[in-house]
Amino acid sequence: VMDWVKTVCLVLWVFTFNSVADDLKEHALKLMTDTPLIDGHNDLPWQMKSLFNNQLNTVDLYKLNSTHTNIPKIKEGHISAQFWAAYVPCNTQYKDAVRQTLEQIDVIHRMCHKYPEVFKFATSSQDILDAFEQNKTASLIGVEGGHSIDSSLGTLRTMYQLGVRYLTITHSCNTPWADNWLVDTGSEPEAHGGLSDFGKQVIREMNRIGMLIDLSHVSEKVMNQVLDISEAPVIFSHSSAYSICNHKRNVPDDVLMRLVSATLTHVHFHIHKAYVLLAGSSIIGFGGDYDGVPRVPDGLEDVSKYPDLVAELLSRKWSDEEIRDALGRNLLRVFREVEEVRDHQNGTKPDDIPIPFKEVQNSCRTDFGYQYASSSTCIQSFYPVVLVLTLLNKLL
Amino acid sequence: MTKYPLIDGHNDLALRLRMHFKNKLSNFSIHDNSNFATDIRRLAAGHVGGQVFAAYVLCTAQDKDAVRLTLEQIDVIRRMCTENPEMELVTTAEGMRNSTKIACLISIEGGHSIDSSLPALRMFYQLGVRSMALTHNCNTPWAESSASLYPNYQRKNNSLTDFGKAVVNEMNRLGMLVDLSHSSWETARSVLKHSTAPVLFSHSSAYAICNNVRNIPDDLLLLLKENGGLIMVNFYSSFVACSHNANVSIVADHFDHIKRVIGAESIGIGADYDGAQGFPKGLEDVSKYPALIEELISRNWTEEELAGVLRLNFLRVSFYLFFKNSYSLLSCSQ
């Protein structure tokens, strides 16, 4: 009899557990139907490059099964908005990083254009909401690594024109104006003590044009210096909590506390571990880094699994409001504030002071434009000779 | 000219901004600047209603930082044209036609700017670039220049490679004008045979009047006519007179000659101000265009012919190409 009772109890317990699990999943899905899930970082465009050399005509995103991401999984995962990473490796720095980045920006546009029933290209917080209304996945662009702008504010501005809405200040290499996270591991020498003066120009110009500043991959000093000077809230598009897992790609508690300030900034947690609320739910979001990493957690194998993570949070007694905040409302708030800072600075002129040449000199860089001294006497003495040479060069 | 404000096909003010001001627009007085041939006051005096500004980078940047430099030139032109109330940036023929200000169009001067990348070309289009010269004074890996200043990418009998044809196809598809100024004649011939859209020479003159390789021989002019394209005459003294002494009359000779060969409807003006030192007497800067028009009137050019030269021919050629919204091809936000 006891066995029978035990079996019944076991069966009942399993049944209850399953139905509780089902309830949670159902609850998660309901929340995800009324609030957009905005994921901060997905590297599918890099997979397009490495697997297919960006030849989208040879790919069917409905059927592709060698990546974490494809269209059916996006639908199942209820992803309402995605920042696609326009990423190029660090070994393109001082070579063809700019052109390669343009190619990644182009492939994102083309992907969006190829599947208009699924993707809606977006460049604003309002665009994200509009796409959600239309049951499409808003597609945004984030450039992953300051090396992509080749120390040029003009390039930053033109990338904004092309729809780019965040720049990750570094990838895993120093730029001529900012240090990356490897500096904190000791495996790479620090170059700038955080941000150089030009690095600060970059931050201010990003505030002025309304580009989100992404601090994933930067060194701790850069995190703090950016938080010192940025007028707008910032994001970590794909980083997690250092106190749970002490990897230098993660964010230490003291920086997390700085995020919870009047300007309310935002962290997208890597889905590598479950995370603990430290500073309140107002700073949290999702940044899966799918297709950018080789190993992901059991139960979160691909982009269709977000609802399971949400269900897990529900089982840990996260409230509906907290979940909605993390899904997308926090990001939307930050994005709107960044747009407001831009609008507020509307009259300000673009920054046109170039990086000092000696900070950026390399064999692939011409010094065109730097030869002419700013003093007028210098110009007058050089003018005829240099002008003739340049023009002889320009015209035949 | 009040009735038909001029659309000029090529101006290098952006080059001056780079060379003398490192693109620091704040240090440059765009309204009135006697150091250069171009400023807003004189553009207005010259009755210029539209100007194609060249985003040009030196050939020595090929295979180095040409792409980034080009983005910076595009950025400086965009800033110049959006920060001054007298100017506005346009990206369509409609916009050019209807503008009541000085309408700016952005062009790229040299295929080395795209670093042999069709995506880069597409992104330039999205940034507002509406014309590209296939080469400047250097060959690209896929097209040949009229100049032999640089040793790289030289070829025989392959003046436009398959990739070069792919570039032309993509420009046709996007609606970007193919500009053959600076290309070799062989490259120009290949393009004229291959392109499905009208092309242009944004700043070249008549070889029959002055035999400089930057100018266009009559047989190419005839191919251009078949293509439905446009030759926009360059004013630079060395190109119009084959010497440093030139005047309005010799420039007008080029117009007369080209009209004789292919008709006034194939002609425009691309003076190349600020792209060179040494312009004809009477045509020293952008305020002097009316002097040329007066000369042509005295040579019995009709109002219809002059209206064509001043703007209608350009609008016709470019209308075919870029009447679409610049973003509709690349994004699905509509």
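- As recorded in an unreviewed UniProt entry, chain B goes by the name Dipeptidase, listed as coming from Cyprinus carpio carpio.
- Looking at chain B in UniProt, the text filed under Subunit (unreviewed entry) is "Homodimer; disulfide-linked."
- Taken directly from UniProt, the Cofactor (unreviewed entry) text for chain B runs: "Zn(2+)".

- As recorded in an unreviewed UniProt entry, chain A goes by the name Dipeptidase, listed as coming from Cyprinus carpio carpio.
- UniProt lists a comment for chain A under the heading Subunit (unreviewed entry), and it reads "Homodimer; disulfide-linked."
- UniProt annotates chain A under Function (unreviewed entry) with the comment "Independently of its dipeptidase activity, acts as an adhesion receptor for neutrophil recruitment from bloodstream into inflamed lungs and liver."

### What to know about the pairing of strand β1 (residues 37–42) of chain A
All names here are of chain A.
Part 1: The buried fraction of β1 is high, at six of six residues.
Part 2: By the bridge criterion, four bridges tie β1 to strand β2 (residues 79–86) in an arrangement that is parallel. Bridge pairing in β2 places D39 opposite Q82.

### What about the pairing of strand β5 (residues 164–168) of chain A?
Residues and elements named next belong to chain A.
Part 1: Along β5, five of the five residues are buried, which leaves the element largely enclosed by surrounding structure.
Part 2: A crossover connection joins strand β4 (residues 137–144) to the parallel β5 through helix α6 (residues 153–161); in handedness this β-α-β unit is right-handed.
Part 3: When β5 meets strand β6 (residues 212–214), the two strands line up parallel, connected through three bridges. By the bridge assignment, L167 is partnered in β6 with I213.

### Describing the state of the cysteines
Residue and element names in this part refer to chain B.
Part 1: Across all of its chains, the model carries four disulfides over all chains by this definition.
Part 2: Note that C59 is cross-linked by a disulfide to C138, the S-S spacing being 2.1 Å. Here the disulfide of C59 and C138 is left-handed, its torsion about the S-S bond being about -80°. With C59 in the loop between β2 (48–55) and α3 (66–83) and C138 in the loop between β5 (129–133) and α6 (162–174), the pair connects residues that are 79 residues apart, well separated along the chain. The burial state of C59 is the same as that of C138; both residues are buried.

### Considerations on the interface of chain A and chain B
Part 1: Every contact between the two is made by 46 residues of chain A and, on the other side, 60 residues of chain B.
Part 2: When chain A packs against chain B, the two sides together hide about 4700 Å² of surface, and 61% of this comes from carbon and sulfur.
Part 3: The tally of links between chain A and chain B comes to six salt bridges.
Part 4: Here B:D115 and A:R99 are joined by a salt bridge, their closest N and O atoms 3.0 Å apart.
Part 5: Summed over the shared surface of chain A and chain B, the number is 11 residue pairs in polar contact (both at pLDDT 80 or more).
Part 6: Elements with a minimum of two residues in the side of chain A that touches chain B: α4 (97–114), β3 (119–121), α6 and α13 (376–394) of chain A.
Part 7: In terms of residues, the side of chain A that touches chain B owes the most to one element, α4(A), which gives 10 residues.

### As for the packing of helix α2 (residues 44–52) of chain A against α4(A)
All names here are of chain A.
Part 1: Interaxial distance between α2 and α4 falls to 10 Å at its minimum, and their mutual angle equals 110°. In terms of axis orientation, α2 runs roughly perpendicular to α4. Here L44, P45, W46, M48 and K49 of α2 lie close against α4, whose contacting residues are Q100, E103, Q104, V107, I108 and M111.
Part 2: A breakdown of the residues in the contact of α2 with α4 according to their chemical character gives seven nonpolar, two polar and two charged.

### Some thoughts on the environment of A:S50
Residue and element names in this part refer to chain A.
Part 1: In this structure, S50 sits in helix α2.
Part 2: Here S50 falls in the partly exposed class, since its relative accessible area comes to 44%.
Part 3: A polar atom in the side chain of S50 sits 2.8 Å from the backbone oxygen of W46.

### Quick look at the environment of B:K64
Part 1: As for its position among the elements, B:K64 is in the loop between β2 and α3.
Part 2: Note on B:K64: relative accessible area 40%, which makes it partly exposed.
Part 3: Leaving out residues up to four positions away in the same chain, B:K64 has contacts with A:K95, A:S363, A:C364 and A:T366.

### Topic: the pattern of salt bridges
Residues and elements named next belong to chain A.
Part 1: The final tally for this structure, using the stated rule, is 44 salt bridges over all chains.
Part 2: One salt bridge in this structure joins R324 and E321, with 2.9 Å as the shortest N-O distance. Taken as a pair, R324 and E321 lie in helix α12 (residues 320–344) at a separation of three residues, close to a single helical turn.

### Focus: the packing of aromatic side chains
Part 1: Under the criterion given, the structure shown has 21 aromatic pairs over all chains.
Part 2: Each ring, one from A:Y62 and one from A:Y115, has its centre 5.7 Å from the other, and the planes form 70°; the classification is edge-to-face. Note that A:Y62 is positioned in the loop between α2 and α3 (71–76) and A:Y115 in the loop between α4 and β3, a separation of 53 residues in sequence.
Part 3: Residue A:Y62 is classed as partly exposed on the basis of its relative accessible area of 37%.
Part 4: Overall, the relative accessible area of 6% leaves A:Y115 in the buried class.
Part 5: Measuring from centroid to centroid gives 6.1 Å for B:Y236 and B:F279, while their planes differ by 55°, and the two rings are tilted. Of this pair, B:Y236 sits in the loop between β8 (230–233) and α9 (237–240) while B:F279 is found in the loop between β9 (267–269) and α11 (289–298), placing the two residues 43 residues apart along the sequence.
Part 6: Under the relative-accessibility criterion, B:Y236 is labelled buried at 12%.
Part 7: Given the relative accessible area of 14%, B:F279 is considered buried.

### Things to note about unusual backbone geometry
Note on backbone geometry: most residues besides glycine have negative phi, and most peptide bonds are trans.
Residue and element names in this part refer to chain A.
Part 1: Although it is not a glycine, Y94 adopts a positive phi angle of roughly 65°.
Part 2: Within the element layout of this structure, Y94 appears in the loop between β2 and α4.
Part 3: Of note in this structure, S151 is not a glycine but carries a positive phi near 50°.
Part 4: With respect to the secondary-structure elements, S151 resides in the loop between β4 and α6.
Part 5: Exposure remark for S151: the relative accessible area of 5% places this residue in the buried category.

### A word on the packing of helix α7 (residues 185–194) of chain B against helix α8 (residues 218–227) of chain B
Residue and element names in this part refer to chain B.
Part 1: α8 packs onto α7 with a crossing angle of 20° between their chain directions and a minimal axis gap of 10 Å. By the criterion of interaxial angle, the relationship of α7 to α8 is roughly parallel. Along this stretch, α7 crosses α8, giving a crossing that reads as left-handed. Contacts between α7 and α8 involve W185, A188, R189 and L192 from the first element and D219, L220, L223, L224 and N227 from the second.
Part 2: Partitioned by chemical class, the residues of the contact of α7 with α8 number six nonpolar, one polar and two charged.

About the thresholds
Residues numbered from 1 in each chain as written. Chains lettered and ligands numbered in written order. Predicted model: local features only at pLDDT ≥ 70, side-chain atom pairs only at ≥ 80, totals over all residues. Heavy atoms only, no water. UniProt positions renumbered as here; feature names shortened; annotations may be inferred. Buried < 20%, exposed > 50% of the residue type's maximum accessible area, 1.4 Å probe, protein only. Helix = DSSP H or I, 4+ residues; strand = E, 2+ residues; numbered from the N terminus. Pairing = 2+ DSSP bridges. Right-handed = clockwise from strand over helix to strand, strands pointing away. Disulfide = S-S within 2.5 Å. Contact = heavy atoms within 4.5 Å. Buried area = accessible area lost by both parts, 1.4 Å probe. Salt bridge = Lys/Arg side-chain N within 4 Å of Asp/Glu carboxyl O. Polar contact = N/O pair within 3.5 Å; in protein donor to acceptor, adjacent residues only side chain to side chain. Axes fitted to C-alpha atoms, helices over the stretch in contact; angles between N-to-C directions. Parallel < 35°, antiparallel > 145°, perpendicular 65-115°, else oblique. Nonpolar A, V, L, I, M, F, W, Y, C, P; charged D, E, K, R; others polar. Phe/Tyr/Trp six-rings, centres within 6.5 Å; stacked < 30°, edge-to-face > 60°. Left-handed = near helix turned anticlockwise from the far one by under 90°.

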